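Below are the chains, spelled out letter by letter.
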There are 2 protein chains.
Amino acid sequence: MKNDTIPGNQQEENAALEKNSCPVQATIGVLSGKWKLLLLFQLRNGEKRFGELGRALPSITPAVLTGQLRELEEDGIIQRKAYAEIPPRVEYTLTEIGRSLLPVIINMEKWGLEYFKQMKGAAGDCLWDDQIIG
Amino acid sequence: MKNDTIPGNQQEENAALEKNSCPVQATIGVLSGKWKLLLLFQLRNGEKRFGELGRALPSITPAVLTGQLRELEEDGIIQRKAYAEIPPRVEYTLTEIGRSLLPVIINMEKWGLEYFKQMKGAAGDCLWDDQIIG
DNA sequence: CAGGATCCCAGAGGATACTG
DNA sequence: CAGTATCCTCTGGGATCCTG
């Protein structure tokens, strides 16, 4: 946003948001995207190709898949490796920092399960079970 | 979404997303909203009134503030108490489950700080320090 | 195979003005 | 004081078709 003219005292409170330098917002940011959690889940145990990801997530379109992968790549969460072959081959893998996100996700899952239990009594059937963390 | 006709085998993978029953998505969901983190931070140590919240977040408009508070309330994260007085008074507080979100947020902050350190070398100056957790 | 190029739409967020 | 009512914009995600 532009430099909105605000008195300047309580501004401190949301300075972190305005400057986009709040680590919590950053964490939410990299995970916000309709397919990102699913993509990270797909990559939890190693590399996958563009087509594999597309097949694993049947209702995502190539255009959107590309977009989500690009964002994750720009955020440093995944790495893209393209091989100069015919036909083309591209593999995506989690980066180190990307892998370090998994425990954080597990922690969110735990809260979410408690939340479901208390809110609707309906259990959630997510993918992120303890299995994925070695 | 509608019941898109998908073969039905790999569909399991994103069933959690489609059904919106993934606890991780739920956690991200309740926190996704431009001002929600800031509002939760404002309420971390007890109740606050509508006007107080507005003054603490100078660039939010009443309409949007109402919207964000309504969503948090519907999600069971905060509670709204209106007093039948003139002039009106309304107080917002975290619910029990809402308070239980704070440690999760702290955990996200920790990852975010590591992320900043590794990505840009720029430290984040967020609000969610260890102070807020008793 | 792994995308790129276009066009499109719903919904979150915001500006502004008004009210019980 | 604590909102509500309208109107408007911008962008994330999607549909569709095309290509090195």
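Residues numbered from 1 in each chain as written. Chains lettered and ligands numbered in written order. Predicted model: local features only at pLDDT ≥ 70, side-chain atom pairs only at ≥ 80, totals over all residues. Heavy atoms only, no water.

**A short note on the protein's contact with DNA strand D**
Short version of the rule: Neighbouring residues are identified by heavy atoms, a residue being near a molecule or strand if any of them is within 4 Å of it. Between N or O atoms, a polar contact is any pair within 3.5 Å; within protein, one atom must be a potential hydrogen donor and the other a potential acceptor, and residues adjacent in sequence are included only when both atoms are from side chains. A run of H or I in DSSP becomes a helix once it reaches four residues, and a run of E becomes a strand once it reaches two; helices and strands are each numbered from the N terminus. When residues are grouped by polarity, Ala, Val, Leu, Ile, Met, Phe, Trp, Tyr, Cys and Pro land in nonpolar, Asp, Glu, Lys and Arg in charged, and all others, Gly among them, in polar.
Taken together, 20 residues surround DNA strand D, and among them Lys34(A), Trp35(A), Arg49(B), Arg80(B) and Tyr92(B) come closest. At the protein interface, 80% of the atoms of DNA strand D within 4 Å belong to sugar or phosphate. One nitrogen or oxygen atom from the side chain of Lys34(A) is found 2.7 Å from a phosphate oxygen belonging to DNA strand D. Within the contact set of DNA strand D, a phosphate oxygen lies 2.9 Å away from a side-chain nitrogen or oxygen of Gln68(A). When residues of the surface near DNA strand D are traced back to their parent elements, those giving at least two are helix H5 (62–74) of chain A together with helix H4 (50–56), helix H5 (62–74) and strand E3 (89–94) of chain B. Per-element tally for the surface near DNA strand D: the top contributor is H5(B), with four residues. In terms of residue class, the surface near DNA strand D is built from 10 nonpolar, five polar and five charged.

**Some words on the environment of Trp35(A)**
All names here are of chain A. Which entries qualify depends on this criterion: Any residue under 20% of the maximum accessible area for its type is buried, any over 50% is exposed, and the rest in between are partly exposed; the area is computed with a 1.4 Å probe on protein chains only.
In this fold, Trp-35 is placed in the loop between helix H2 (23–31) and helix H3 (36–42). Trp-35 sits in the buried class, given a relative accessible area of 6%. For the pair formed by Trp-35 and Ile-60, sequence separation is 25 residues and the distance between their alpha carbons is 8.1 Å.

**Here's the deal with the confidence of the model for chain A**
Let me state the cut-off plainly: Residue-level confidence of the predictor is what pLDDT reports, using numbers from 0 through 100. Contacts are assigned to residue pairs that have any heavy atoms within 4.5 Å of one another.
Per-residue confidence for chain A gives a mean pLDDT of 85, with 78% of residues at or over 70. Low pLDDT, under 50, characterises residues 1–14 of chain A; the stretch is placed with 18 contacts to residues that sit more than four places away or in other chains.

**A word on the protein's contact with DNA strand C**
In the neighbourhood of DNA strand C, 20 residues make up the surrounding shell, with Gly51(A), Arg80(A), Tyr92(A), Lys34(B) and Trp35(B) lying closest. Sugar and phosphate atoms represent 82% of those atoms of DNA strand C found within 4 Å of the protein. One of the side-chain N or O atoms of Tyr92(A) is found 2.7 Å from a phosphate oxygen in DNA strand C. Interatomic distance of 2.6 Å between a side-chain N/O atom of Lys34(B) and a phosphate oxygen of DNA strand C. Among the elements of the structure, helix H4 (50–56), H5 and strand E3 (89–94) of chain A together with H5 of chain B are those that each provide at least two residues to the surface near DNA strand C.

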